[in-house]
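Per-entry structural report
Each chain, letter by letter, is given below.
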Amino acid sequence: MASPENPLFRLTHTKIQAFQRCWKKYWFSYVSGLEWPPNRDSAASLVGNGVHRAMQKLCETGNAEDGEHELDLYLRMPKHAIAGPETEHYGLAMEMYRNGIAAHESIGSEARWAELDTWVPSKSRGITVRAKVDRADRLAADRWQLIDWKTGRFDLDDTVDAQLDIAHLVLRTMLRLPREASVRAVGWNLRSGQQRVRELTRDDALKTADYLGGLAQRLGSLSEFPATPGPTCTFCDWRDRCDEAKQVEELGADWLDMDWEREANPF
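What comes next concerns the included structure. (Residues numbered from 1 in each chain as written. Predicted model: local features only at pLDDT ≥ 70, side-chain atom pairs only at ≥ 80, totals over all residues. Heavy atoms only, no water.)

Digging into the packing of helix α1 (residues 13-21) against helix α2 (residues 23-31)
To keep it simple, the criterion reads: What counts as an axis is a line fitted to C-alpha atoms, over the stretch in contact for a helix, and the angles between N-to-C directions run from 0 to 180 degrees. A run of H or I in DSSP becomes a helix once it reaches four residues, and a run of E becomes a strand once it reaches two; helices and strands are each numbered from the N terminus. Note on terminology: angles under 35 degrees are roughly parallel, angles over 145 are roughly antiparallel, angles of 65 to 115 are roughly perpendicular, and the others are oblique. In this description, contact between two residues means that some pair of their heavy atoms is separated by no more than 4.5 Å. For this classification, Asp, Glu, Lys and Arg are treated as charged, while Ala, Val, Leu, Ile, Met, Phe, Trp, Tyr, Cys and Pro are nonpolar and the rest, including Gly, are polar.
With their axes 5 Å apart at the nearest point, α1 and α2 run at an angle of 140° to one another. Viewed along their axes, α1 and α2 adopt a mutual orientation that is oblique. Counted together, Thr14, Lys15, Ala18, Phe19 and Arg21 of α1 and Trp23, Lys25, Tyr26 and Tyr30 of α2 form the full contact between these two elements. Here the residues of the contact of α1 with α2 are counted per class, giving five nonpolar, one polar and three charged.

Here's the deal with α2
Let me state the cut-off plainly: Throughout, exposure labels follow a simple rule: accessible area from a 1.4 Å probe, protein chains only, divided by the maximum for the residue type, with under 20% read as buried, over 50% as exposed, and the rest as partly exposed.
Taken together, the buried positions of α2 are Lys24, Tyr26, Phe28 and Ser29. Backbone geometry just downstream of α2 places glycine 33 in the positive-phi region, at approximately 80°.

Quick word on the packing of aromatic side chains
Inclusion rule: For Phe, Tyr and Trp, where Trp contributes only its six-membered ring, two rings pair if their centres lie within 6.5 Å, and the inter-plane angle classes them as stacked under 30 degrees, edge-to-face over 60, or tilted in between.
Taken as a whole and assessed by the stated rule, the structure comprises ten aromatic pairs. Clustering of aromatic rings is evident, with ring pairs tying together Phe19, Trp23, Tyr26, Trp27, Phe28, Tyr30, Trp36, Phe225 and Trp238.

A few points about the pairing of strand β5 (residues 182-189)
Keep this limit in mind: Here the rule is simple: two strands pair whenever DSSP picks up at least two bridges between them.
Taken across its eight residues, β5 has six buried, putting it largely inside the fold. Alignment of β5 against strand β6 (residues 195-200), held across six bridges, turns out to be antiparallel. Bridge pairing links alanine 185 to arginine 198 in β6. Hairpin geometry of β5 and β6 is characterised by an intervening segment of five residues between the two adjacent antiparallel strands and by a positive phi of about 85° at glycine 193.

Quick word on the environment of glutamate 244
Convention followed: We call two N or O atoms a polar contact when they sit within 3.5 Å, provided that within protein one can donate a hydrogen and the other can accept it, with sequence-adjacent residues counted only if both atoms are side-chain atoms.
Along the chain, glutamate 244 falls in helix α8 (residues 243-251). On a C-alpha basis, the gap between glutamate 244 and glycine 230 in space is 9.2 Å, while along the polypeptide they are 14 residues apart. If near-sequence neighbours (up to four positions away) are discounted, glutamate 244 is found in contact with Lys24, Ala227 and Pro229. Among the polar contacts listed, one links the side chain of glutamate 244 to the side chain of lysine 24, at a separation of 2.7 Å.

What to know about the pattern of salt bridges
So the rule is basically this: The rule for a salt bridge is simple: a side-chain nitrogen of Lys or Arg has to be within 4 Å of a carboxyl oxygen of Asp or Glu.
This structure, assessed with the given rule, holds 16 salt bridges. Its salt-bridge partner being arginine 53, residue glutamate 70 comes within 2.9 Å of it at the nearest N-O pair. Taken together, the residues span a long stretch of sequence, with glutamate 70 in helix α4 (residues 64-75) and arginine 53 in helix α3 (residues 43-61) at a distance of 17 residues. Take arginine 53: its relative accessible area is 39%, and that puts it in the partly exposed class. Each of Asp157, Asp161, Asp165, Arg196 and Arg198 takes part in salt bridges that share partners, so that together they form one network.

Examining the environment of asparagine 189
Within the element layout of this structure, asparagine 189 appears in strand β5. Looking at asparagine 189, the relative accessible area reads 2%, which means it is buried. Taking the C-alpha atoms as reference, asparagine 189 lies 10.0 Å from isoleucine 147; in sequence the two are 42 residues apart. Apart from the residues within four sequence positions on either side, asparagine 189 is in contact with Lys150, Gly152, Asp155 and Gln194.

Structure (structure tokens):
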């Protein structure tokens, strides 16, 4: 139970992913109190952000030109030059937006919402969960759909599933869905056209909340956060401050040639 001395434990999909990928990354980001490293924009992240902004505008007005203008304006910003006009990334972004227009036109719904974003508290579990729903549609009185737009080359199924399950909590909470309502949760890749679909009910939402409550208890009890260095260190924003990440870079292909096992277990 939450109290003034023990506030609700905050969870997000990003926070959970950090823990699952590397305990030390989780410590850096959410326990250490250190100032976060500055964001490192990449062409891929700019394209993804731009397409999401365009899809929001499209959902809000239904006018494809609104989204196209937003995407063009975003990528023409001087600080976004690596994905600006005349680059292959700009062309890819526009292609994905055109796919998004087709996706939008394929959805027949009674009402739609863009960018639902809130905290979902559960005092009995001691947690509050934040997530964002890129798009939500009421297909019928007891039938809904939520979409998480994807723009990457690869989507890990388990990661998408977890993200959709948390987004489902937000949808049910913000729009006060009836108990009998079912939700079609979709991870929709605008690059490949592939869709990852989960059919979810109120019972599924309760199971997700129970899992998150148990995970929060574990996270709150940890006192050690060992690193698990590997390929993902290359993309970690904390790598410049992590000794283990630096060692991976220094060792490179020679890692298995070293007597690391004996060093780790001298006896």
